[in-house]
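Commentary on secondary and tertiary structure
Read off the chains here:
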Number of protein chains: 2
Amino acid sequence: MSDDAHSPLVQGDARGLLRMLRLGPPRTRAQIAELTGLARSTVSSRLDGLIASGLVVPAGDELSSGGRPPALLAFNPAARIVLAIDLTATRGAVAVTDLAGSILRTESRELTIAEGPEPVLDWAIAAAKRVLRASGRTRADLVGVGVGLPGPVEHSSGVPTNPPIMPGWNLFDVPAYLRRHFDVPVLVDNDVNILALGEHAVCWPAETDLVFVKVSTGIGAGIISGGRLQRGARGSAGDIGHVRAPLARNASPLPGRDDADLEALSGGPAIARWMSANGSPAQTSRDVLEAGLRGDPVAVQGIRQAGRDLGEVVATVVDLLNPSVVVIGGSVARAGEHLLAGVREVVYGRSTPLATQNLSIVHSQTGSTGGVRGAAIMVIQRVLDEAGEGV
Amino acid sequence: MSDDAHSPLVQGDARGLLRMLRLGPPRTRAQIAELTGLARSTVSSRLDGLIASGLVVPAGDELSSGGRPPALLAFNPAARIVLAIDLTATRGAVAVTDLAGSILRTESRELTIAEGPEPVLDWAIAAAKRVLRASGRTRADLVGVGVGLPGPVEHSSGVPTNPPIMPGWNLFDVPAYLRRHFDVPVLVDNDVNILALGEHAVCWPAETDLVFVKVSTGIGAGIISGGRLQRGARGSAGDIGHVRAPLARNASPLPGRDDADLEALSGGPAIARWMSANGSPAQTSRDVLEAGLRGDPVAVQGIRQAGRDLGEVVATVVDLLNPSVVVIGGSVARAGEHLLAGVREVVYGRSTPLATQNLSIVHSQTGSTGGVRGAAIMVIQRVLDEAGEGV
């Protein structure tokens, strides 16, 4: 991370109060003192710092039984802004958001990630300057830049590591390149972690354990455990594309299928190959999506079976992590209910009752804005919650 | 948890300083101020509270280039004590530990968990009183009781939920029963979570991502991610005994084996059944352990194959969670290197290179004290780190 630990936006002492106001309703100073058990004087000095920074503001008055009503204080998400950059294999989106992750301005276009880092990031930088200008804010308001990339990233340095579909990006110093234009912390992560962060923060903020599974050309997972994104020891947590998937039992085996790497059963190209062999020619995940959307029966059958095979792996993930929400996203998931139906069929039949009792298996709801929202959330959590953590 | 949130041992403000001294070397006040960035006056007032409680003490003097040497301060693990109770299907151990989890006095015996909660806990209470007396400490020094049970536990309430091998224990209020004798917080969890906590704290404290897999009659996992034990949304994380295990490929299938629930392939009774069918009669995990230890070739072959089948599931866990350490424990693992060798063979062959590059797959090193040490660590982390967390 290209972070400046010496001038944090929020003093460590005040992070707890700020989090209470960010995630909860507006409160009076007296309520805050009572809820935290802190001395009134301590609460006051911390709140004064937050008010001076603009992060906390008066929020109208609470109804009172008489006399002068006590002032309510609230988090002010407009105090600062974040730049979010979401890059996929074929598309880029740039947004400026507030500190709640709400999009103020956004711009997107088709692009080819394989053209290499400089042309792609040059577009992102130019677009970022445009959306910044259009939002009426300045770089002085910017607290950080978040970037999602469609491949493995060493999150601590922000550097892609052997990304299979991103020639020219291996070990490219993305943070340094962006910091030439935006002198703030630049955080980079893979697209699935970003999507998990966005989906969790936007749709499921009260859940502590959520797994996001993305199914398109590749298959990967983003894991929220104990309320936090888990990246593992070397940042590769969630790389489930090549786990061995037992063949789903509750379907007659389709020709040419045997237990195999998950992507070889349930990824977009695998479904396309199976469709082609069964009289409905297809090549890419997009072909599969389009055929599924128009109700092609071969596509529907292939996607449903891909969902069952994926479900065998998701069942293991559910037993292992006991999430309350499994979110299925990615282009193959957008082809109607077929993939999700296959996953549900197997997981609810296989995982232990305790693990499935309160489990929701759902489609992604953030849609095409999930990437930029997640990238913004990654920055917001780091800047408001984490810097200085531990002391 | 039966906790008293109103009189924490450590004030929330001071937890960060205490953690620094617990996990690091002794330091001077000036070093602490510099490392934390806190004002000297703030550091002093927090340290004074910790010194008054006995948790922090002077620790000799640092070498100085001249003049009066500045006083070093250190965490004092002897300030308080913890009671740890480790119950398995056939054995109980009780220990009194210091705040570093070091065992001061311990007592253990064979017992039958299936006799029900009252006789088993009555023995534990009597043994606890004996070890407490033998340690020369009093109940006034006690900060909490930690209990490990061989079955599912709702950690928030400390109550066993449908434990298969513990008739009579379902929904029994273990904390209330113990608090009649020890008026401190009583924390309860399943044995595998406890073993993961103990192994992590004792052997791998610098690692943030560790998975403990216990293989005996049943099979279960304890998961440390991001430095914390992860229990999942409903407390059932790690319940991998019934995940579907793909048959290991790198062995000619043994008769009667098909892909199946993991316990049906790799649990002690499954190995015993296979041994019996192959001319070396065995019934229980203990029979398997003993035959393995004396080098019975059928037992060795069966345990090795059980390791490979377990390895197929562990390979998925490794790709999903990217731990730096996988610890294999439980009675079947103690029968020499056979189980571990089978797991290693499959995991290093199957998981992604990024996930296995720095992965250690090792035997449990805490041995028979792992349970009480883990139960103590659970209490220590709660009492010193967590109460008041979030504000």
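As the structure is a computational prediction, the values presented were derived from the model and not from experiment. (Residues numbered from 1 in each chain as written. Chains lettered and ligands numbered in written order. Predicted model: local features only at pLDDT ≥ 70, side-chain atom pairs only at ≥ 80, totals over all residues. Heavy atoms only, no water.)

What follows covers the overall build of chain A. For chain A, the count of helices and strands is 13 helices and 17 strands. Over its C-alpha trace chain A gives a radius of gyration of 23 Å, about what one expects of a compact globule, namely 21 Å for 391 residues. Considered along the principal axes of its C-alpha atoms, chain A spans approximately 75 × 50 × 40 Å. Counting all 391 residues of chain A, 55% fall into the buried class. (Helix = DSSP H or I, 4+ residues; strand = E, 2+ residues; numbered from the N terminus. Rg over C-alpha atoms; globule rule 2.2 N^0.38 Å. Buried < 20%, exposed > 50% of the residue type's maximum accessible area, 1.4 Å probe, protein only.)

Once that is clear, we can look at the pattern of salt bridges. Summed over all chains, the structure comprises 22 salt bridges over all chains. As a salt-bridge pair, B:Asp189 and B:Arg231 come within 2.5 Å of each other at their nearest N and O atoms. Here the residue B:Asp189 occupies a position in strand S10 (residues 186-190), and B:Arg231 occupies one in the loop between strand S13 (228-229) and strand S14 (244-245), the gap between them amounting to 42 residues. According to the relative accessible area criterion, B:Asp189 is buried, its value standing at 1%. B:Arg304 is paired through a salt bridge with B:Glu345; the nearest N and O atoms lie 2.7 Å apart. Here B:Arg304, found in helix H10 (residues 297-321), pairs with B:Glu345, found in helix H11 (residues 338-350); they are 41 residues apart in sequence, far enough to count as distant. Taking the relative accessible area as the measure of exposure, B:Glu345 reaches 27% and is therefore partly exposed. Shared partners join several salt bridges into a network, and the residues in it are A:Arg244, A:Asp261, B:Glu312 and B:Arg350. (Salt bridge = Lys/Arg side-chain N within 4 Å of Asp/Glu carboxyl O.)

A separate point is the relation of the copies chain A and chain B. For these two chains of identical sequence, chain A goes onto chain B by a turn of 180° and a shift of 0.0 Å along the axis, with RMSD 0.1 Å. Look at the turn and shift together and you get a two-fold axis relating the two. Residue A:Pro246, judged by its C-alpha, is the member of chain A lying nearest the rotation axis, at 2.6 Å. (Least-squares fit on C-alpha atoms with pLDDT ≥ 70 in both.)

Turning next to the sheet that holds strand S7 (residues 142-149) of chain B. Residue and element names in this part refer to chain B. Across the sheet, five strands lie side by side as S6-S5-S4-S7-S10; this open sheet has mixed pairing. In this open sheet, the two strands that pair with only one neighbour each are strand S6 (103-110) and S10. Each strand of the sheet is rotated relative to its neighbour by a mean of 15°, with strand direction disregarded. Relative to strand S5 (residues 91-97), strand S4 (residues 81-87) runs antiparallel, the two being bridged by six bridges. Counterpart to Leu87 in the pairing with S5 is Gly92. The sheet strands contacting helix H4 (residues 117-135) are S4, S5 and S6, and the helix crosses S5 at an angle near 30°. (Pairing = 2+ DSSP bridges. Axes fitted to C-alpha atoms, helices over the stretch in contact; angles between N-to-C directions. Contact = heavy atoms within 4.5 Å.)

For A:Asn162, which is not glycine, the phi dihedral falls at a positive 45°. Along the chain, the position of A:Asn162 falls in the loop between strand S9 (159-160) and helix H5 (174-179). The phi torsion at B:Leu171 lies on the positive side, around 65°, for a residue other than glycine. Here B:Leu171 shows up in the loop between strand S9 (159-160) and helix H5 (174-179).

Right, let's get into the sheet that holds S13(B). Strand order across the open sheet formed by five strands is S13-S12-S11-S16-S17 (chain B), with mixed pairing between neighbours. Strands at the two margins of the open sheet, each flanked by one partner only, are S13 and strand S17 (360-363) of chain B.

Let's shift gears to the environment of B:Pro246. Its place among the elements puts B:Pro246 in the loop between S14 and strand S15 (260-261). Separated by 64 residues in the primary sequence, B:Pro246 and B:Leu310 have C-alpha atoms spaced 9.3 Å apart.

Between chain A and chain B, the contact holds 49 residues from the first and 49 residues from the second. For the chain A and chain B pair, buried surface summed over both sides reaches about 4100 Å², with 54% attributable to carbon and sulfur atoms. Our count for the chain A to chain B interface comes out at four salt bridges. Here A:Arg244 and B:Glu312 are joined by a salt bridge, their closest N and O atoms 2.9 Å apart. The set of elements that each furnish at least two residues to the side of chain A that touches chain B consists of helix H1 (15-23), strand S12 (219-225), strand S15 (260-261), helix H10 (297-321) and helix H12 (353-356) of chain A. Examining the composition of the side of chain A that touches chain B, we find that six residues originate from one element, H10(A), more than from any other. Looking at the side of chain A that touches chain B residue by residue, the classes come out as 19 nonpolar, 16 polar and 14 charged. (Buried area = accessible area lost by both parts, 1.4 Å probe. Nonpolar A, V, L, I, M, F, W, Y, C, P; charged D, E, K, R; others polar.)

Glancing now at the packing of H10(A) against helix H11 (residues 338-350) of chain A. Residues and elements named next belong to chain A. Viewed as axis vectors pointing N to C, H10 and H11 meet at an angle of 40°, and their least axial separation amounts to 6 Å. Classified by the interaxial angle, the pair formed by H10 and H11 is oblique. Regarding H10 and H11, the two cross each other, and that crossing is right-handed. Across the interface between the two elements, Val300, Ile303, Arg304, Ala306, Gly307, Arg308, Leu310, Gly311, Glu312, Val314, Ala315 and Val318 from H10 touch His338, Leu339, Ala341, Gly342, Val343, Glu345, Val346, Val347 and Arg350 from H11. Residues that form the contact of H10 with H11 fall into these classes: 12 nonpolar, four polar and five charged. (Parallel < 35°, antiparallel > 145°, perpendicular 65-115°, else oblique. Left-handed = near helix turned anticlockwise from the far one by under 90°.)

All names here are of chain A. On average, chain A scores 89 in pLDDT, and the residues at 70 or more come to 91%. The element-level mean pLDDT for chain A is lowest in S15, coming to 80, with H5 highest at 98. Confidence drops under pLDDT 50 across residues 1-6; counting only partners more than four residues distant or on other chains, this segment forms 12 contacts. Note on residues 249-257: pLDDT is under 50 here. Beyond four places in sequence and across chains, it has 20 contacts. The ipTM assigned to the predicted complex is 0.87, against a pTM of 0.88. (pLDDT = per-residue confidence, 0-100.)

For the rest of this paragraph, the subject is the packing of helix H2 (residues 29-36) of chain B against helix H3 (residues 40-52) of chain B. Packed helices, taken two at a time, are described by the angle their axes make and the gap between the axes. Residues and elements named next belong to chain B. Relative orientation of the contacting elements H2 and H3 amounts to 120°, with a least axis distance of 10 Å. If you check the angle between H2 and H3, you find them oblique. Of the two elements, H2 crosses H3, and the hand of that crossing is right-handed. Packed against H2, whose contacting residues are Arg29, Ala30, Ile32, Ala33 and Thr36, the element H3 presents Arg40, Val43, Ser44, Leu47, Asp48 and Ile51 at the interface. The residue makeup of the contact of H2 with H3, split by class, is six nonpolar, two polar and three charged.

The next thing to look at is the environment of A:Val153. All names here are of chain A. Along the chain, Val153 falls in strand S8 (residues 153-154). On the accessibility criterion, Val153 (5% relative accessible area) is buried. Considering only alpha carbons, one finds Val153 and Leu73, 80 residues apart in sequence, at a separation of 39 Å.

Attention now goes to the pairing of S4(B). Residues and elements named next belong to chain B. Counting buried positions along S4 yields seven of seven residues, so the element is predominantly enclosed. Of the two faces of S4, the one lined by Ile81, Leu83, Ile85 and Leu87 and the one lined by Val82, Ala84 and Asp86 are each fully buried. Two elements, S4 and S7, share six bridges in a ladder whose sense is parallel. Bridge pairing in S7 places Ile81 opposite Leu142.

Before going further, it helps to examine the side chain of A:Ser266. Residue and element names in this part refer to chain A. Tracing the backbone through its elements, the reader meets Ser266 in helix H7 (residues 262-266). Within the local environment of Ser266, its side chain forms a polar contact with the backbone oxygen of Ala306, the two atoms lying 2.8 Å apart. Among the polar contacts listed, one links the side chain of Ser266 to the backbone nitrogen of Leu310, at a separation of 3.4 Å. The residues contacting Ser266, other than those within four sequence positions of it, are Val215, Ile219, Ile271, Ala306, Asp309 and Leu310. (Polar contact = N/O pair within 3.5 Å; in protein donor to acceptor, adjacent residues only side chain to side chain.)

What follows concerns helix H8 (residues 268-277) of chain A. Along an α-helix, residues three or four apart share an orientation, since each turn contains 3.6 residues. Considered for burial, the residues of H8(A) that qualify are A:Gly268, A:Ala270, A:Ile271, A:Ala272, A:Trp274 and A:Met275. Against the buried residues of H8(A) lie H7, helix H9 (285-293) and H10 of chain A.

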